[in-house]
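# Breakdown of the fold
The chain contents come next:
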Protein chains: 2
Amino acid sequence: MNKGKLVVIGGDAAGMSAASKVRRAQPDREIVVFERGKHTSYAACGMPYYIAGQVSDSDQLIARKPEVFREKQNIDVRILHEVIKIDTEGRRVEVKNLEDNRTFWESYEELLIATGASPIRPDFEGIESDGIFGLSTLQTGIDVFDYIEKNSPKRAVIVGGGYIGIEMAEALLDLDMKVTLFDMAPQVMTTMDKDMADLIADYMRDSGVDLYLNEKLEKFESKNGTVTSVKTDKRNEDADLVILGMGVNPNTALTDGTPIEAGVKGAIKVNKKLQTTVPGIWAAGDCSESYHLIKKEQTWIALGTVANKHGLVAGINLSDGDMEFPGVCGTAITKFKELEISRTGLSEKELEESGIKFKTATIESRTRSGYYPGSDKITVKLIAEESSGKVLGGQIVGFPGSAKRIDTIVTAITAGMTAQNIVDLDLSYAPPFSPVWDPVQTAARRLV
Amino acid sequence: MNKGKLVVIGGDAAGMSAASKVRRAQPDREIVVFERGKHTSYAACGMPYYIAGQVSDSDQLIARKPEVFREKQNIDVRILHEVIKIDTEGRRVEVKNLEDNRTFWESYEELLIATGASPIRPDFEGIESDGIFGLSTLQTGIDVFDYIEKNSPKRAVIVGGGYIGIEMAEALLDLDMKVTLFDMAPQVMTTMDKDMADLIADYMRDSGVDLYLNEKLEKFESKNGTVTSVKTDKRNEDADLVILGMGVNPNTALTDGTPIEAGVKGAIKVNKKLQTTVPGIWAAGDCSESYHLIKKEQTWIALGTVANKHGLVAGINLSDGDMEFPGVCGTAITKFKELEISRTGLSEKELEESGIKFKTATIESRTRSGYYPGSDKITVKLIAEESSGKVLGGQIVGFPGSAKRIDTIVTAITAGMTAQNIVDLDLSYAPPFSPVWDPVQTAARRLV
């Protein structure tokens, strides 16, 4: 069954995964993708490593270029084309060609909105100065890289201690800058509990980051239009480069004034099939909601893995299949220099808010057998429902070999396992890989 | 409830875990442990790394020494005491003090047999020559280390390409020996399927191991009582050090002629509570059977993790608790130089024998995002039941960061997940850790 012309807004992970999936199922269908930037299907998560010089060419971050989609998959990808209006009644979108500024209408039978998310840029004095960057599209990463190449900044200020803030702190330290990081919260990584986040903060400070928590940004000062310092409620810090890591918002301006409803945190409201509230219109990736497996409600999580899975599910439903998005656990992973960080499920903070009674175990163990070379510290926190013992969340902070262990916890949570079930698992052990009891099991043993 | 005097035969992982667990639950109970060697609670799996010089002192392999058990836990551990007879009628064991060769009888209310396993030493001509070693107790590892120190062997032959064979090949290459490995099977690592084992064999050959498969050992030649060469059905290989890695057998001579029945592969028959066929007598660790979660029958697996869990379960049941051994999946992990190797569940070979219809996917992916420094090859094989899609087995061969991913498969198999369930998992992704789709999921996607 060919449902007619498909228009996709946004040519990154979700949009292009969906378009590719539809193409494989429906070789003859007309598929048009409008992308306002120059790039398609890129690894936004790789930008900090590109900026640090660990990835030699920004092209390496691109999984597939527009011309490849056009030539190999017969997908009509039009870069530098921005959709500026959706006419849900008339089943058409208004598109602006950013090269010649001309606009035109394009009709659709089905529409997929995959517009992504953008960094929050609060309305502080001086925020439009040169040298202040958020990271979202590949182009923003290239812009930061080029700015550093051209201006050789020495003093960097990062605002926000989340994933982007932490990864950029590593990148800019690698480039021998003096790095200062501010966060208004009393901890970095607010998706983790404070005890675990404190381990990260200590290590960041030991590694040379000037880390100031509980500090509110007030304004940016500039000279000749270029940033010179960052003022908080407690200090004034010189800066010739500023990175904004204050989170992202879903790109949903297009749906304002349409019957396409907004949901959690302003993301586009979707059901598990990724249908919006308007028949024939779908949404996927960072701009749309996701089902949370543990909270058992819609949530909003902007992450590459989720965007890819959304794209797959939307692509199946847009062609001949029928699939529900399986849901997220809230899994995330990152690192700062040698320190690996991961989390999944609900934190203590989230559980307190939800009113679920829980118990927690936090243990310190080793990444390998204690006597094996390279064995190092790993801290694992496990949280389980008090009544049932069911594991609801996990957090890991530790040295190489630590963070990917979160996948065991993700799988256990998804399966509804208790802490005892985790103790019982026949996990792998050999001295180069683990103590006899894997640290995840050591934490679980404290809960039974 | 204190069930009276507990005697434990064997002072390594299973025996000492059980004794410690009983002690915590029953502070006043009399607990006697007889250990025929000099060491207790040691990490036998660490021996190859000790021999290679990566672990500076054999004491580092010892988790807890006999005097610590005596002083801190009031457990009467008697090293260099060998139990030579079990009198099940009289509820007593005959013990030989190996220092003065005197024997005595010791009574028990309950008995735990944790005698471990020993390397197979087939009755080949010359096998008793000096310079030929199996690895089992910590002392055997120390013996190999000391022999190398004293004799500086240059040409090593390893017989058997299983875990011990592979780990010792790495260790002896590290010591700059010429290393030859023979196996009578057409592949190394017979617990894996041949396609995966071939990846290992290729890498071993590339790393300088002279690897000969399909070769049968015929005899050892020696001069003045010391080994000089190994003769197979195809060649004669000079050797001044030989390591036997031909597998192990459970140490069950003690139960011969008693009503304590033997089970799978001659291991002591136990139920899930680790009770033998004689009331009041328990068995745990490498000498006893284990329940196999997927085969749903008793099996025999000699591994440190299993021994530790056996010890815990036996300890609980011997004191005031009630616990069943949760079962094994057949998980194992090792490495050869940079190549990591792991497996769990059933192999194609095992499934063919069982008559279960299955489907298989083998994929090649990357350990990290392709553009991230250090990204390298990983091969994942997943096997699922044809009718239900339930995952039944997994095998991984790849470079650093590969093998511990088996734990995700272990957890999924234990939970009864299908390949689609694995695709649906919210596994962790960031460029330093994984491609967007974890390689385990990439394999699972091929099965749905």
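Residues numbered from 1 in each chain as written. Chains lettered and ligands numbered in written order. Predicted model: local features only at pLDDT ≥ 70, side-chain atom pairs only at ≥ 80, totals over all residues. Heavy atoms only, no water.

What follows covers helix H9 (residues 406-414) of chain A. In terms of burial, H9(A) is largely enclosed, as eight of its nine residues are buried. Taken together, the buried positions of H9(A) are Ile406(A), Asp407(A), Thr408(A), Ile409(A), Val410(A), Thr411(A), Ala412(A) and Ile413(A). Looking at the buried side of H9(A), the elements it contacts are strand E22 (339-345), strand E24 (377-385), strand E25 (391-398), helix H10 (419-424) and helix H11 (439-445) of chain A together with helix H9 (406-414) of chain B. A positive backbone phi angle near 75° is found at Gly416(A), which sits one or two residues after H9(A). (Buried < 20%, exposed > 50% of the residue type's maximum accessible area, 1.4 Å probe, protein only. Helix = DSSP H or I, 4+ residues; strand = E, 2+ residues; numbered from the N terminus. Contact = heavy atoms within 4.5 Å.)

Reports of interface size often rely on the accessible area that becomes lost once the parts have come together. All names here are of chain A. Per the domain assignment, the segments making up chain A are domain 1 (6-41 + 60-117 + 249-318), domain 2 (121-246) and domain 3 (340-445). Taking the mean C-alpha position of each, domain 1 and domain 2 sit 31 Å from one another. Between domain 1 and domain 2 the total buried area reaches about 320 Å² when both faces are included, carbon and sulfur atoms providing 71% of it. The tally of links between domain 1 and domain 2 comes to zero salt bridges. Linking domain 1 with domain 2 are zero residue pairs in polar contact (both at pLDDT 80 or more), by the criterion used here. (Domains from an automatic or database assignment. Buried area = accessible area lost by both parts, 1.4 Å probe. Salt bridge = Lys/Arg side-chain N within 4 Å of Asp/Glu carboxyl O. Polar contact = N/O pair within 3.5 Å; in protein donor to acceptor, adjacent residues only side chain to side chain.)

Glancing now at the pairing of strand E11 (residues 178-182) of chain B. Residue and element names in this part refer to chain B. When you tally the buried positions in E11, you get four out of five residues, the bulk of the element. With five bridges connecting them, strand E10 (residues 155-159) and E11 associate as parallel partners. Bridge assignment links valine 157 to a residue of E11, and that residue is threonine 180. Following the backbone out of E10, through helix H5 (residues 163-174) and into the adjacent parallel E11, one traces a crossover that is right-handed. As a crossover connection, the stretch from E11 through helix H6 (residues 194-206) into strand E12 (residues 210-212) is right-handed. (Pairing = 2+ DSSP bridges. Right-handed = clockwise from strand over helix to strand, strands pointing away.)

Further remarks concern the relation of the copies chain A and chain B. Once turned by 180° and shifted 0.0 Å along the axis, chain A lies on chain B with an RMSD of 0.0 Å. Given the turn and translation reported, the copies of this chain are related as if by a two-fold rotation axis. Ranked by how close their C-alpha atoms come to the rotation axis, the residues of chain A are headed by Thr408(A), at 2.5 Å. In this assembly, 100% of the residues forming the interface of chain A have copies in chain B that are likewise at the interface, indicating an isologous arrangement. (Least-squares fit on C-alpha atoms with pLDDT ≥ 70 in both.)

Here the focus is the interface of chain A and chain B. In this complex, chain A contributes 57 residues to the contact, which on the side of chain B involves 57 residues. Here chain A packs against chain B, burying approximately 4900 Å² in sum over the two surfaces, 66% of which is carbon and sulfur. On the chain A side of the interface with chain B, the three residues burying the most area are Tyr371(A), Asp426(A) and Phe433(A), jointly 17% of the side's total. Residue Lys404(B) pairs with Asp438(A) through a salt bridge whose shortest N-O separation is 2.6 Å. The interface formed by chain A and chain B holds 16 residue pairs in polar contact (both at pLDDT 80 or more) in total. Put simply, the parts of the chain that give the side of chain A that touches chain B at least two residues each are helix H7 (304-318), strand E21 (332-336), H9, H10 and H11 of chain A. Among the elements that take part in the side of chain A that touches chain B, H9(A) stands out by supplying seven residues, more than any other. Classifying every residue of the side of chain A that touches chain B by side-chain character gives 30 nonpolar, 17 polar and 10 charged. (Nonpolar A, V, L, I, M, F, W, Y, C, P; charged D, E, K, R; others polar.)

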